[in-house]
Amino acid sequence: MGFTKISPQAGVVRDGTRYSAKGSWYETDKVRFRKGFAEKIGGWARYVGSRFTGISRKIHDWKTDSGNAYLGVGTTDKLYVNQGSTYHDITPVRLSATLGTNPVATVDETAVVTISHTSHGAVIGDYVTLASAADTGGIVAASLNTTHRIVALGAPPVGAAAPASPDDKYRIVCNAQATSTVSAGGGSSVTAAYEINSGLDEYVRSGGWSSGTWGSGTWGSASALGQATQLRLWSIDNFGDDMLACVRQGNVFYWDESDGTSTRAVALSDRTRRTITLAGSSPVSTSSGNTVITVTDKGGHGAGVGDTVTISGVSGAIGGISAARLNVEMTVASTPTKTTWTADIGGSNASGTASGGGANVIATYKAGVYYTPVAALQVMMSDVARHVICFGCNPIGSSTINPLFVRWSTSENAAQWQPLSTNSAGGQELSSGSEIIGALMTRQEILIFTDVGIQSMRYSGSPFYFSFTEVARGMSMVSPNAAVNANGRIFFMDRGSFYTYTGTAQKLTCPILSTVFDDFDETQSFKVVAGSNPDFGEVIWVYPSFSGDGENDRYVIYNYVEQVWYHGTLSRGTWNHAGTKIYPLASSILIQDLDDNPITTTTDATSNVSIAATAHGLDIGDTFRLIGASATGGLEALLLNNEHTVVSVTSDAIVFTIADTATAATGGGGTVQLYKTNVLYNHESGHDDDGSAMTAYIESGDMDLGEGDQVWAINRIIPDVEFRDGDSADEVTISLNGHNFPGDVQASLTSAAITPSTGQAYVWRLGFVRLDGRTDGRR
């Protein structure tokens, strides 16, 4: 009899039984469809060899006018700028302070050090850089004066259930062990520079602006900013050559490319807003008997109380106050009029009331905290007139976030946020919803997704500059990064559905919808990321599965050219089509669950700690972090649950050195996770998983034999497989599974290994497989 051709239609049909999917493909992993046929997807290789700390939540690529190529990478721990092969740490500093006298405390025979700093505002996992500390307790200054990760808050407990003074003390781990106990040391000049709060690795739905300590305490401290109470998500955009970055519910930061890659990003409030030569020959005035000066800026200063201004060019003393005391940075104390402001310069009082300064006095205004946003959900630069836009931010004069408020700077100036008749700065509160989930730039409009619908934000010019119109209601985004612009359309994922927007929002028919959402971890929904792969006409969503570990481990793809869907497994924190690069970029999520009690300690003078970790993939010099380890061999849990550097490796073990001395050679640790430093991958590069073999898989739905009343004997499988891009002995296996009734468990009937005539099958494409068989009886 003739051959039977197996030719399922392109795309996966999974929302039903295997039998109802007959004539279709039922299951895939790392397979796409092109021109109606299935083929293995492209592989991935490292973008650069170096690694970065934390799981990336956002990447953004751009080129400067001079041709310099950059990547902004925002992670759970850090903010980086990548140039060439290096990730430069530009994480903003939220607070720099001189600590009190002798703030360092040591305990004999441990590397754990306690630092005292009243209202430090830090959380566990934050990074702090100490400087100017003297040798203390046998720990030399070089071991103290470096960057540390805060491992615990408060002082060690003494007969108490919890550490004391968590708001005023914290603990770090040095690379050397103390030789004596010192309760107060370090000297009187110790300084600490605290990076912005690290936030959470897990999404907490109740955390953020509407709960916890939001709005309490001193604005700018950790107790006020919401970023420490929820998942650390970033939005990143470029303002010309420079970079804008915002931690969701945190401050907006600016990195100036001209300052170099060694310079950290700073808050918008620290950016120069305006530099002007003050009019007249006497713009500075003193008042006899006090230290308050008055500065006249006839152009309108636009300053608020607390802003900083640098005065330069004052020639000669004024009222007995020397030019050196006047040509300094000062803080605005009051703004009596729109053209005058005052500052208390300290020191000795003026001997007389006078004015002067000369005709070349220059005032350099920083943006300040009064007008600029100091907390926002997202930042973006508009493609028309170059406004910096903040979504869900604090209104002017307030320190409390309004999650529906949209504000924008004046055109071409990221530091000028005061709306004036002479500029285009402004703001608008949205009329519906309770918070902004996210926003996305499209052609000629910005789509703002609230929790109840979609608003269109369009540039309209003077006098209002932007107009807002509700364009859809009843849908939103499942996460701030769940929408992508591809092929002139917007594709986005909401709870339970996928949509497209082309002026109106329309639901996409998805034959694997229940497969995706029945295994979707809604508790971690804010981790979902959308991306595009324009060379293959694909949009991809990477999401956390209910059966996973809380991070993105599954993908679903809509091919808008073929109009089909497919899915599979993939762990990625971010995805970006990277228009300035050759390949799309995506970031790894390198978390490994270790076997129980994987830690082995020794009793050497400096402890070598071994971790059993099969196929860990780390090299000597790589860094990693342990999570969940319990005390082992006399080493405290907080010592083990810290960052470490690999000193030696085997294929199934990692060894690192810790300063403390274990008291026993033993194994333990309990249930431990290994958090590795991460990498960026070039996708569609090569055919492997970063140098390792990558297996792709596809399975059809059931096929009836005859009318379902026949049993066949299969003689031959005649393959139609195209092997491409390589020559070796790799193979594609075609398997036939069968069952007598749809409800029966499938059993393997036969399989055939298909190889090219020569060489390796790096990439394969499946055509029409045919079966040679005959009717048979059941035995």
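Definitions and cut-offs
- Residues numbered from 1 in each chain as written.
- Predicted model: local features only at pLDDT ≥ 70, side-chain atom pairs only at ≥ 80, totals over all residues.
- Heavy atoms only, no water.
- Salt bridge = Lys/Arg side-chain N within 4 Å of Asp/Glu carboxyl O.
- Buried < 20%, exposed > 50% of the residue type's maximum accessible area, 1.4 Å probe, protein only.
- Helix = DSSP H or I, 4+ residues; strand = E, 2+ residues; numbered from the N terminus.
- Polar contact = N/O pair within 3.5 Å; in protein donor to acceptor, adjacent residues only side chain to side chain.
- Pairing = 2+ DSSP bridges.
- Axes fitted to C-alpha atoms, helices over the stretch in contact; angles between N-to-C directions.
- Contact = heavy atoms within 4.5 Å.
- pLDDT = per-residue confidence, 0-100.

Turning to the pattern of salt bridges, a few remarks are in order. On inspection of all chains with the given rule, the structure shows 23 salt bridges. Across the pair Glu 470 and Arg 473 runs a salt bridge whose closest N-O atoms are separated by 3.0 Å. On the basis of relative accessible area, Glu 470 is assigned to the partly exposed category, the value being 37%. Relative accessible area serves as the criterion here: at 52%, Arg 473 is assigned to the exposed category. A salt bridge links Arg 625 to Glu 643; the shortest N-O distance between them is 3.5 Å. Pair noted here: Arg 625 is in strand β53 (residues 623–627) and Glu 643 is in strand β54 (residues 643–650), with a separation of 18 residues, a long-range link. Judged by its relative accessible area of 8%, Arg 625 is buried.

All right, on to the side chain of His 567 then. If you trace the backbone, His 567 turns up in strand β47 (residues 564–569). Look at His 567 and you get buried, because its relative accessible area is 7%. Reaching out from His 567, the side chain makes a polar contact with the side chain of Glu 27 at a distance of 3.1 Å.

To continue, consider the sheet that holds strand β3 (residues 24–29). Spatially, three strands are ordered β2-β3-β59 in an open sheet, and the strand pairing comes out mixed. In this open sheet, the two strands that pair with only one neighbour each are β2 (9–12) and β59 (697–700). Taken pair by pair, the neighbouring strands of this sheet meet at an average axis angle of 35 degrees, ignoring direction.

What follows is about the environment of Thr 114. Mapped onto the elements of the fold, Thr 114 is located in strand β13 (residues 112–116). Residues Thr 114 and Ile 150, spaced 36 residues apart in sequence, show a C-alpha to C-alpha distance of 9.9 Å. When residues no more than four places from it in sequence are discounted, the contact partners of Thr 114 are Pro 103, Val 104, Ala 105, Gly 154, Ala 155, Pro 156, Lys 169, Tyr 170 and Arg 171.

Looking at the protein chain as a whole, the pLDDT averages 88, with 86% of positions reaching at least 70. Ignoring residues within four places in sequence, the model shows residues 757–763, a span with pLDDT below 50, making 27 contacts including any to other chains.

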